[in-house]
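This is what each chain is made of:
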Amino acid sequence: MKSILKKVAGVVVLAALALGMIGCSNGSTDDPVLPPALTKETVAIPAFSVESGAVDSGTSVTITCETEGAKIYYTTNGSEPTASSTKYTEAISITKAVTLKAIAVKDGMNDSAVASFIIPTKSTCVPGDFVLKNGTMLPKDITITDTQKSNVAAVIVRAATNDKPALGVGIVHNRSGLAWCTESAKGYNTNISSLKGDKTSGYMDGSDGWEKLKAACSDAESNPENYPAWNYCINYSSTNGLTGDLAEGWYLPTVAELDTIYQNKTEVDASLSKAGGNQFYGSWYWSCCQYPSSNNYARALSFYIGSMYFTYKHYDYGYVCSVRAFK
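Residues numbered from 1 in each chain as written. Predicted model: local features only at pLDDT ≥ 70, side-chain atom pairs only at ≥ 80, totals over all residues. Heavy atoms only, no water.

**Section: the packing of aromatic side chains**
Per the stated rule, a full pass over the model turns up 21 aromatic pairs. Ring geometry for Phe 280 and Tyr 285: centres 4.8 Å apart, planes at 50 degrees, overall tilted. Accessibility expressed as a relative area gives 0% for Tyr 285, which makes it buried. Arranged with centres 4.5 Å apart and planes meeting at 25 degrees, the rings of Tyr 297 and Tyr 312 form a pair that is stacked. Taken as a pair, Tyr 297 in strand 15 (residues 297–302) and Tyr 312 in strand 16 (residues 308–312) lie far apart in primary sequence, 15 residues in all. For Tyr 312, a relative accessible area of 28% corresponds to the partly exposed category. Members of the aromatic cluster, joined through ring pairs, are Trp 284, Trp 286, Tyr 291, Tyr 297, Tyr 309, Phe 310, Tyr 312, Tyr 315 and Tyr 317. (Phe/Tyr/Trp six-rings, centres within 6.5 Å; stacked < 30°, edge-to-face > 60°. Buried < 20%, exposed > 50% of the residue type's maximum accessible area, 1.4 Å probe, protein only. Helix = DSSP H or I, 4+ residues; strand = E, 2+ residues; numbered from the N terminus.)

Put into structure tokens, the structure is as follows:
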């Protein structure tokens, strides 16, 4: 009989403990701890199929989301997308520069963050457009944010044609004055025939100018400091923190290329100003071209009236800009 009473008493004690009627052995009388409230997961941010940079007109862009079963909604006018925006059902054909934004939603989950991508087309690459340090091209008429401003590498000065790539100028110029070459340089008293050119004829694409100079002047490779204007341009990327594809290809422009910039100076200077870069104003800039009639003269271009003239190669007050092709 006693054993039966002990068992009944034990059951009562256990039940009382479970109901919180009897305190714990340490004397605590706190309420039992409840599990934390469950939080909803967030849908993954949508991803676009295109990479940075301009695309051909007619390029199809797909949008995907890693969250299975999520629905995607998008806009192409820069407005913030919601579940009331256009639902994504098939690839989007890009025929003009657009700001594409997308959001992904799913019942029982928090909406994704908004994915945003400015997609310029190659057909709309015009003088004044911006080139960011990652190679992305942005239309000249957009508002440049502070973050984008610090990432602008160049401004387009010539649109691409069937036989020429687009040409851009670096936003940082040397405006303290540099010599084309020093008086001690071999190039000072050399009439470099391969570099003779003007606005419309002769040497017009300066992308291989440094190679031509080295072929004509043996000291150029061993002592590039003898050619300050040239040296500034070939070191432009390292001086201005440009990496990847933009780490190569910068050069001192020809007279013809400087004249192209002059012809589009209004658009170019406006974009350089927006990007916080150096504008051309009415200054004169060195070209890489040799003056035909005298060994120690090189050509320059005035951005005041667009006139071409020549001056001594050792004069160290010429401004210098660096240009590069963008394909």
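**Considering the pattern of salt bridges**
This structure, assessed with the given rule, holds five salt bridges. Here Lys 214 and Glu 211 are joined by a salt bridge, their closest N and O atoms 3.3 Å apart. In this pair, Lys 214 and Glu 211 are both assigned in helix 3 (residues 209–216), three residues apart and thus about one turn of the helix distant. Residue classification places Lys 214 among the partly exposed residues on the basis of a relative accessible area of 22%. The exposure class of Glu 211 is partly exposed, given its relative accessible area of 49%. The residue Arg 324 makes a salt bridge to Asp 245 at a minimum N-O spacing of 3.3 Å. Placement of the pair is Arg 324 in strand 18 (residues 323–326) and Asp 245 in the loop between helix 6 (236–239) and helix 7 (255–263), with a sequence separation of 79 residues. When its relative accessible area of 8% is taken as the criterion, Arg 324 is described as buried. (Salt bridge = Lys/Arg side-chain N within 4 Å of Asp/Glu carboxyl O.)

**Quick look at the nonpolar core**
One broad trend across soluble globular proteins is that nonpolar side chains are buried collectively. Residues Trp 180, Leu 213, Tyr 227, Trp 230, Ile 261, Phe 280 and Phe 326 are the most contacted members of the largest nonpolar core, which totals 61 residues. For this core, the element with the highest residue contribution is strand 11 (residues 152–158), accounting for six residues. Ile 261 has contacts with Val 157, Val 169, Val 268, Phe 280, Phe 303, Cys 321 and Val 323, leaving out every residue within four places of it along the chain. Counting 20 residues, the second largest nonpolar core, distinct from the first, contains Phe 48, Tyr 74, Val 98 and Ala 104. (Core = buried A, V, L, I, M, F, W, Y, C linked by side-chain atoms within 4.5 Å. Contact = heavy atoms within 4.5 Å.)

**Quick look at the sheet that holds strand 11**
Spatially, five strands are ordered 10-9-11-12-18 in an open sheet, and the strand pairing comes out antiparallel. Among the strands making up the open sheet, the edge pair consists of strand 10 (137–138) and strand 18. Note: strand 9 (residues 130–132) against strand 10, two bridges, orientation antiparallel. Bridge pairing in strand 10 places Phe 130 opposite Leu 138. The strands touched by helix 7 are strand 11, strand 12 (166–170) and strand 18; relative to strand 11, the strand with the most contacts, the crossing angle is about 95 degrees. In this fold helix 8 (residues 265–274) packs onto strand 9, strand 11 and strand 12, with an angle of close to 170 degrees to the strand it touches most, strand 11. (Pairing = 2+ DSSP bridges. Axes fitted to C-alpha atoms, helices over the stretch in contact; angles between N-to-C directions.)

**Details of the pairing of strand 15**
Here strand 15 lies mainly inside the structure; six of its six residues are buried. Neither face of strand 15 is left uncovered, since the one carrying Tyr 297, Arg 299 and Leu 301 and the one carrying Ala 298, Ala 300 and Ser 302 both have all their residues buried. Summarising the sheet, strand 14 (residues 284–290) and strand 15 pair through four bridges and their orientation is antiparallel. Following the sheet pairing, Tyr 285 is matched in strand 15 by Leu 301. Count of turn residues in the strand 14/strand 15 antiparallel hairpin: six residues. Linking strand 15 back to strand 16 in an antiparallel pair, the connection comprises five residues, with Gly 306 at a positive phi of about 80 degrees.

**Side note on the sheet that holds strand 7 (residues 98–105)**
The strand order 5-4-7-8 describes an open sheet built from four strands, whose pairing is antiparallel. Both edges of this open sheet fall to strand 5 (86–87) and strand 8 (115–119), since each of them pairs with a single strand only. Pairing geometry for strand 7 and strand 8, over five bridges, is antiparallel. Within strand 8, the position partnered with Thr 99 by the bridge is Ile 118.

**A look at unusual backbone geometry**
Here Tyr 281, not a glycine, exhibits a phi torsion of approximately 50 degrees, which is positive. On the secondary structure map, Tyr 281 appears in the loop between helix 8 and strand 14. In this structure Tyr 281 comes out as partly exposed when scored by relative accessible area, which is 47%.

**A word on helix 8**
Inspection of helix 8 places Val 268, Asp 269, Ser 271 and Leu 272 among the buried residues, and these make up the whole buried set. The buried residues of helix 8 occupy one face: seen down the axis, they fall within an arc of 165 degrees. Just beyond helix 8, the residue with positive phi is Gly 276, at close to 75 degrees. (Arc of directions from axis to C-beta.)

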